[in-house]
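Observations on the model geometry
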Amino acid sequence: MKLIFKSLGSLPLRRFLSTAPKPLNPVQEAALEERCILVDQHDQECGFASKRDCHRLVNGNLPLHRAFSVFLFNTKDELLLQQRSSTKITFPDHYTNSCCSHPLYEIEHERKDLEGAKAAACRRLVFELGIPTSQCQPKDLQYITRIRYMSEGDGTWGEHEIDYIFILHKDVSLDPNPDEVSTALYIPKSKMEKFLKNLNHPITPWFNLIVQNELTNWWDNLRSLEKVMNHKKIISY
């Protein structure tokens with residue numbers, strides 16, 4: 001699919017969706033061997049497991065592991081959303097926030113709690129969205145809170161994460177990786193509700209929870225984020 005970039009503030013809403021099934025991508029299969037950081041309910045590290053084992057349901061259970069989600073806003077205060085590639089093994093074709101992934105156990109500095117999650121977020125912003133390293137440094141990421149949730153997904157692949165939430169509020173250059181992202185587009189707050197109601201594909205479960213419970217408050221306070229920071233409590237859904 002051709003990648004689409006635009007601001008919906010000045011253009012009509014349209015859908016750029018893929019419906020044709022594709023074979024499994026070897027890049028995605030290889031990524032299943034990456035090792036996620038296992039944590040307890042208090043976000044204390046307690047080992048590691050492959051991405052495959054962290055996301056494949058076994059008797060309805062999934063290991064709790066550390067993740068992150070980035071919400072990228074441009075200087076017009078529009079939020080960048082992405083549609084996950086149809087080759088993704090978990091939640092293919094789903095719409096979600098700007099970037100979501102995991103700190104990796106095998107990258108030593110990514111095991112350092114908050115600073116490790118920031119480093120992982122910058123790594124994935126470069127990998128998924130092609131943002132130049134010079135435009136994405138850990139100091140650019142504003143940590144908001146942590147969210148714990150579980151989703152059984154499609155019944156085979158799901159999520160059980162403590163998710164570090166970061167806001168990146170700046171203009172950046174984009175060159176998305178088609179193995180990861182089918183569509184990327186900026187949405188103004190005034191059109192978000194209508195946009196989500198008119199999608200032909202679902203949104204990811206973590207993004208759905210955040211839209212319903214947190215996003216409006218964050219968006220309203222983009223220029224005074226200290227009002228919405230919660231660094232001590234892990235929000236559970």
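In the block above lies the structure referred to throughout.
If you're wondering where the values come from, they're calculated on a predicted model, not measured in any experiment.

Scanning the protein chain from terminus to terminus reveals six helices and 10 strands. Every one of the 237 residues in the protein chain was classed for burial, and the buried ones make up 55%. Put simply, 71% of the contacts in the protein chain that link residues at least 6 apart link residues at least 24 apart. A total of about 10,900 Å² of accessible surface is found on the protein chain, and carbon and sulfur atoms cover 49% of it.

Right, let's talk about the side chain of E128 for a bit. Secondary-structure assignment places E128 in helix α3 (residues 113–129). There is a polar contact of 3.0 Å between the side chain of E128 and the side chain of Q82. Contacts of E128, omitting those with residues within four sequence positions, involve Q82, C99, C100, S101, P176, N177, E180 and V181.

This paragraph deals with the nonpolar core. By size, the foremost hydrophobic cluster in this structure holds 28 residues, and its most contacted members are F71, F73, L79, I167, L215 and W218. Every element with two or more residues in this core is listed here: β3 (65–73), β4 (79–84), β7 (142–151), β8 (159–169), β9 (181–187), α4 (189–197), α5 (205–213) and α6 (215–220). If we skip the residues at most four places from it in the chain, L79 touches F71, L72, F73, S98, L185, Y186, I187, M192, L215 and W219. Core analysis: the second largest hydrophobic core is formed by 22 residues, F68, C99, A117 and V181 among them.

The next thing to look at is the state of the cysteines. Here a disulfide denotes a covalent bond joining the sulfur atom of one cysteine to the sulfur atom of another. Scanning all chains against the criterion turns up zero disulfides. With no disulfide of its own, C54 has C36 as its nearest cysteine by sulfur position, at a separation of 4.3 Å. On the basis of relative accessible area, C54 is assigned to the buried category, the value being 0%.

Here we take up the environment of W206. Tracing the chain through its elements places W206 in helix α5. Relative accessible area serves as the criterion here: at 4%, W206 is assigned to the buried category. Considered as a pair, W206 and C100 are 106 residues apart in the sequence and their alpha carbons are 9.7 Å apart. Contacts of W206, omitting those with residues within four sequence positions, involve S69, R84, F91, T96, N97, C100, Y149, E159 and D163.

This brings us to the pattern of salt bridges. Applying the stated criterion across every chain, the model contains 15 salt bridges. Residues D140 and K139 are paired through a salt bridge, measuring 3.6 Å at the closest nitrogen-oxygen approach. A relative accessible area of 71% places K139 in the exposed class. One salt bridge in this structure joins E193 and K197, with 3.2 Å as the shortest N-O distance. Taken together, the residues span about one helical turn, with E193 and K197 both in helix α4 at a distance of four residues. When sorted by exposure, E193 lands in the same class as K197, which is exposed. Shared partners join several salt bridges into a network, and the residues in it are D43, R66, D113 and R146.

This paragraph deals with the environment of E159. Here E159 is to be found in strand β8. E159 sits in the buried class, given a relative accessible area of 4%. A C-alpha to C-alpha distance of 8.4 Å links E159 and R56, two positions 103 residues apart in sequence. Only 2.9 Å separates the side chain of E159 from the side chain of H55, close enough to count as a polar contact.

Quick look at the environment of L104 now. Relative to the elements of secondary structure, L104 occurs in the loop between β6 (99–101) and α3. Considered as a pair, L104 and G116 are 12 residues apart in the sequence and their alpha carbons are 8.8 Å apart. Residues contacting L104, with those up to four places away along its chain left out, are E34, R35, I37, E110, R111 and R123.

Each value, and the rule that gives it
Each chain carries its own residue numbering, running from 1 in the direction its sequence is written. Only residues with pLDDT of at least 70 are given local features in this predicted model, and only at 80 or more are side-chain atom pairs given and counted; all residues enter the totals for whole chains, interfaces and linings. Only heavy atoms go into the side-chain values, all of them from the structure, while hydrogens and water stay out. Secondary structure elements follow DSSP: runs of H or I of four or more residues count as helices, runs of E of two or more count as strands, with numbering from the N terminus. Only protein chains enter the accessibility calculation, which uses a 1.4 Å probe. A residue is then buried if its area is under 20% of the maximum for its type, exposed if over 50%, and partly exposed in between. Any pair of residues with heavy atoms lying within 4.5 Å of one another is described as a contacting pair. Note on areas: these come from Shrake-Rupley sampling with a 1.4 Å probe, and a residue is covered only by the protein chains present in the view. Under the rule applied, a polar contact is a pair of N or O atoms within 3.5 Å (in protein, one hydrogen donor and one hydrogen acceptor; residues adjacent in sequence only if both atoms are side-chain atoms). We call a set of buried residues a nonpolar core when its members are Ala, Val, Leu, Ile, Met, Phe, Trp, Tyr or Cys and they connect through side-chain atoms within 4.5 Å of each other. Here, a disulfide means two cysteine sulfur atoms that sit within 2.5 Å of each other. The term salt bridge refers to a side-chain nitrogen of Lys or Arg lying within 4 Å of a carboxyl oxygen of Asp or Glu.

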